[in-house]
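# Structural features, examined
Residue-level listing of the chains:
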Amino acid sequence: MENKNAFLSYNKKAMQELERVAAGYRDFLSRGKTERECVKLIVQQAEAEGYRNLADLTAAGADLKAGDKVYAVCMKKAVALFKIGAEGPEKGMNILGAHIDSPRLDIKQNPLFEDGELAYLDTHYYGGIKKYQWVTLPLALHGTVVKKDGTAVDIVIGEDASDPVFCVTDLLIHLAQEQLEKKGARVVEGEDLNILVGNMPLPGEKKKAVAANVLHLLKEKYDIEEADFISAELEAVPAGAAREAGFDGSMILSYGQDDRSCAYTSLLAMLETADIRRTACCLLVDKEEIGSVGATGMQSHFFENAVAEVLELCGEYSELKLRRALRDSKMLSSDVSSAYDHAYAAAFEKQNAAYLSHGVVFNKFTGARGKSGSNDANAEYLAYIRRVMDNADVHYQTAELGRVDLGGGGTIAYILALYGMEVIDSGVPVLSMHAPWEVTSKADIYEAYKAYKAFLEA
C-alpha cells in the first residue's frame, strides 16, 4: 500500500489551519520543558475553555451533566480532562492517553562539588538516552525547589537571552584516542554527566571558593541554601525554543517532542471537540520514560480514581459501573513512532516503516523482538479506527518500531488494556527520537490533531 505525502493534498485553507496548530505546538514545547510546566500550561488552557477543577466540585458536592468539562491533577505532574457526553461516562469513554515526561538530566540531591577550580552539579540521567549526545550542548535548568518551611521556588535559568547557560564538557579530540576506542554506550559515562556551573571564586573564601560563590549567588537571587537541593526537582534540558526546520519550514526541531507532540495534539483536540455522544477523556501522565511507575505514572490509580469521582458526580458510581465504564472505553495510546531515516536505513523494514509527512502512525503492536511487552490491538478495533479516520479524511499510516529482532519499545497502552478496553498505539513519527533535539513534520502534527479530534467525536 502506498501512502502519499500529506502536503500534496493541502489547499490554502488547510495550510493555514496546519500553521495555526504548528504555532501553538511550538509555543507549548518552548514553555513546557518539564512535567510540572506542562501541567501548568494544560490547566491554564483548559480553564480558559471552561474546564473546572474536579476536586473543587467534589468538595462542593456538585453534580455533572452532559456537556460539563472537568479536570483532575495529580501532584502537579499528571492531568486528566473529561468532557461529559450525552450517554455519560458509565457507558464508556473515548480516551486519548499520552505522556508529558521526556529524557533529561536530573540534578542529584547532593549535587554541588568543585574540582580544578570549576564548580559542577552532579546529575542522574532520566529515561533512555545516548549519553554522548548531551555533552557540549547549551543546557537550561528548570524545576522547583521546596524549602524546609514549604515555600516553593520555581527555577528557569538559561531560556532568556540575558540568562547564563550550562553544559557538560567533553574531551578535546587531541587527547581522545582512548575515549574513541570505547563502545558508543561508554564513550561518556553516566557519572561524568556533570554540569559546569561556575569558575569565579568568592572573595575571601579559602576552601572551595568557586562552589561557595555559586551558593552565594543562589542565596542572593533565589534565597536557596545548599540543603534545599535535598527537596528540589531540578532538570537540565536543552536551552532554546522550538524552531521551524528546513528551507521550506515544513518541520519542527525541538527538545521533548517525545511525547509532547502527542500530548499537545491530544489536548488541542480535546479542547476543540464539539458536541459528543460518548464522554471524552484526555489523559496526560508522567514517568512513561522509566516504566510508568510512581504516583504520577500510568501504573498508579490516579486515572481510575478520577473516573470514580466523575461517576460519583454524575450520580452513577458503583464499583461495578466503574469496571464497566473502563471496560467499555476505547483508547488511542498517543505516543510517537520512529520515522524512517535514510542515514540508518538498515534499522528499518521499509515496507512497514513510518515516514515523515505521511500522517499519524498506528502501531498495531510495539514491544521487542517477539512482541514482548506489547499491547496488540485486535483486527475489529483496527477496522473501526480505519472507518473513523477515513470518514474524517485523516492521513494515516501503519508501522512497526524498527526491524524485527533489532529492538523495540513500549507505551502506556498495555496498562490501559488491562481494564479490557480497546487500545491501539498511535502518534507522530519522529526523527532522532530521544536525542536532545528531535525532528517532526508539521503535516504529521496536524494530522495527529485531526485524528484525535475525529476519534473523540466518533
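Residues numbered from 1 in each chain as written. Predicted model: local features only at pLDDT ≥ 70, side-chain atom pairs only at ≥ 80, totals over all residues. Heavy atoms only, no water.

### Some words on the nonpolar core
As a rule of thumb, nonpolar side chains are buried together in soluble globular proteins. Of all hydrophobic cores here, the largest spans 62 residues; its most connected members are Leu 81, Leu 284, Leu 332, Ile 385, Met 389 and Tyr 452. Contact partners of Ile 385, with chain neighbours within four places excluded, come to Leu 332, Phe 362, Ile 424 and Phe 455. (Core = buried A, V, L, I, M, F, W, Y, C linked by side-chain atoms within 4.5 Å. Buried < 20%, exposed > 50% of the residue type's maximum accessible area, 1.4 Å probe, protein only. Contact = heavy atoms within 4.5 Å.)

### Examining unusual backbone geometry
In this structure, Asp 259 follows Asp 258 across a cis peptide bond, with omega equal to 15 degrees. Phi is positive for Thr 136, which is not a glycine, with a value near 60 degrees. Along the chain, the position of Thr 136 falls in the loop between strand S6 (118-126) and strand S7 (139-146). You can call Thr 136 exposed: its relative accessible area is 54%. A positive phi angle is found at Lys 287, which is not glycine, with a value near 70 degrees. You can see Lys 287 is positioned in the loop between strand S14 (279-285) and helix H7 (302-313). (Helix = DSSP H or I, 4+ residues; strand = E, 2+ residues; numbered from the N terminus.)

### Describing the side chain of Glu 289
Within the element layout of this structure, Glu 289 appears in the loop between S14 and H7. Within the buried set, Glu 289 has no salt-bridge partner at all; the shortest N-O distance to an opposite charge, 8.5 Å, is to Arg 260. In this structure, Glu 289 is in contact with His 99, Asp 101, Ser 102, Pro 103, Tyr 126, Gly 127, Asp 258 and His 434, ignoring residues within four places of it in sequence. (Lys, Arg positive; Asp, Glu negative; His and termini not counted. Salt bridge = Lys/Arg side-chain N within 4 Å of Asp/Glu carboxyl O.)

### Examining helix H9 (residues 379-391)
Here H9 spans 18 Å end to end across 13 residues, near enough to the 18 Å set by a 1.5 Å rise per residue. Residues Tyr 381, Leu 382, Tyr 384, Ile 385, Val 388 and Met 389 constitute the buried set of H9. All buried residues of H9 fall inside an arc of 160 degrees around its axis, so they share one side. Along H9, the residues that are exposed and aim more than 90 degrees away from the buried face are Ala 379, Glu 380, Arg 386, Arg 387 and Asn 391. Check the buried side of H9 and you find it contacts strand S15 (330-334), strand S17 (360-363), strand S19 (396-398), strand S21 (422-427) and helix H11 (442-457). (Expected span 1.5 Å × (residues − 1). Arc of directions from axis to C-beta.)

### A short note on a nonpolar patch on the surface
A cluster of nonpolar side chains, contributed by Leu 171, Leu 172 and Leu 175, occupies part of the molecular surface with about 280 Å² of accessible area. Here Leu 175 shows up in the loop between strand S9 (167-168) and helix H4 (177-180). Residue class for Leu 175 comes out exposed when judged on its relative accessible area of 58%. (Patch = residues over 30% accessible without salt bridge, like charges linked within 9 Å, V, L, I, M, F, W, Y side chains within 5 Å. Areas by Shrake-Rupley, 256 points an atom, 1.4 Å probe, with all protein chains shown as cover.)

### Description of the packing of aromatic side chains
Centre-to-centre distance and the angle between the planes together describe a pair of aromatic rings. Per the stated rule, a full pass over the model turns up 10 aromatic pairs. When the ring of Phe 28 is compared with that of Tyr 264, the centres are 5.4 Å apart and the planes differ by 40 degrees; the resulting orientation is tilted. Here Phe 28 is found in helix H1 (residues 12-31), whereas its partner Tyr 264 is found in helix H6 (residues 257-271), with 236 residues between them in sequence. In terms of burial, Phe 28 and Tyr 264 fall into one category: buried. Ring centres 5.6 Å apart and planes at 65 degrees place the aromatic pair Tyr 340 and Phe 348 in the edge-to-face group. The buried category is assigned to Tyr 340, whose relative accessible area is 16%. Phe 348 gets classed as buried once you look at its relative accessible area, which sits at 14%. One aromatic cluster is present, formed by Phe 7, Tyr 10 and Tyr 446 through successive ring pairs. (Phe/Tyr/Trp six-rings, centres within 6.5 Å; stacked < 30°, edge-to-face > 60°.)

### Some thoughts on the pairing of strand S2 (residues 69-74)
Pairing of strand S1 (residues 52-53) with S2 involves 2 bridges; the strand directions are parallel. Among the inter-strand pairings, Arg 52 is bridged to a residue of S2, identified as Val 70. Remark: the S1/helix H3 (residues 54-60)/S2 crossover connection has right-handed handedness. Pairing of S2 with strand S3 (residues 78-83) involves 6 bridges; the strand directions are antiparallel. Following the sheet pairing, Val 73 is matched in S3 by Val 79. (Pairing = 2+ DSSP bridges. Right-handed = clockwise from strand over helix to strand, strands pointing away.)

### Focus: the sheet that holds S14
Taken in spatial order, the 9 strands line up as S1-S2-S3-S14-S4-S15-S21-S17-S19 in an open sheet, and their pairing is mixed. Of all the strands in the sheet, the pair left with one neighbour each is S1 and S19. Contacts between H6 and the sheet are confined to S3, strand S4 (93-99), S14, S15 and S21, with S4 contributing the most and set at about 150 degrees to the helix. (Axes fitted to C-alpha atoms, helices over the stretch in contact; angles between N-to-C directions.)

### Some details on the pairing of S3
Within S3, 6 of the 6 residues are buried, leaving the element largely enclosed by the surrounding structure. Residue alternation in S3 divides its side chains into two sets, Ala 78, Ala 80 and Phe 82 and Val 79, Leu 81 and Lys 83, and both sets are buried. Between S2 and the antiparallel strand that follows it, S3, lie 3 residues; Met 75 among them carries a positive phi value of about 55 degrees.

### A short note on the packing of H7 against helix H8 (residues 319-327)
Contact pair H7 / H8: the axes reach a minimum separation of 10 Å and the direction vectors enclose 115 degrees. For the pair H7 and H8, the sense of crossing is right-handed. On H8, the residues that touch Phe 303, Glu 304, Val 307, Ala 308 and Leu 311 of H7 are Lys 321, Leu 322, Arg 323, Ala 325 and Leu 326. When the residues that make up the contact of H7 with H8 are grouped by side-chain class, the tally is 7 nonpolar, no polar and 3 charged. (Left-handed = near helix turned anticlockwise from the far one by under 90°. Nonpolar A, V, L, I, M, F, W, Y, C, P; charged D, E, K, R; others polar.)

### As for the sheet that holds strand S5 (residues 104-115)
Read across the sheet, 7 strands follow the order S8-S7-S11-S5-S6-S10-S9 without closing on themselves; strand pairing throughout is antiparallel. Looking at the sheet topology across the chains shown, the edges are occupied by strand S8 (152-157) and S9. Examined bridge by bridge, S7 and S8 share 6 bridges and lie antiparallel to one another. Residue pairing across strands places His 142 opposite Val 156, the latter belonging to S8.

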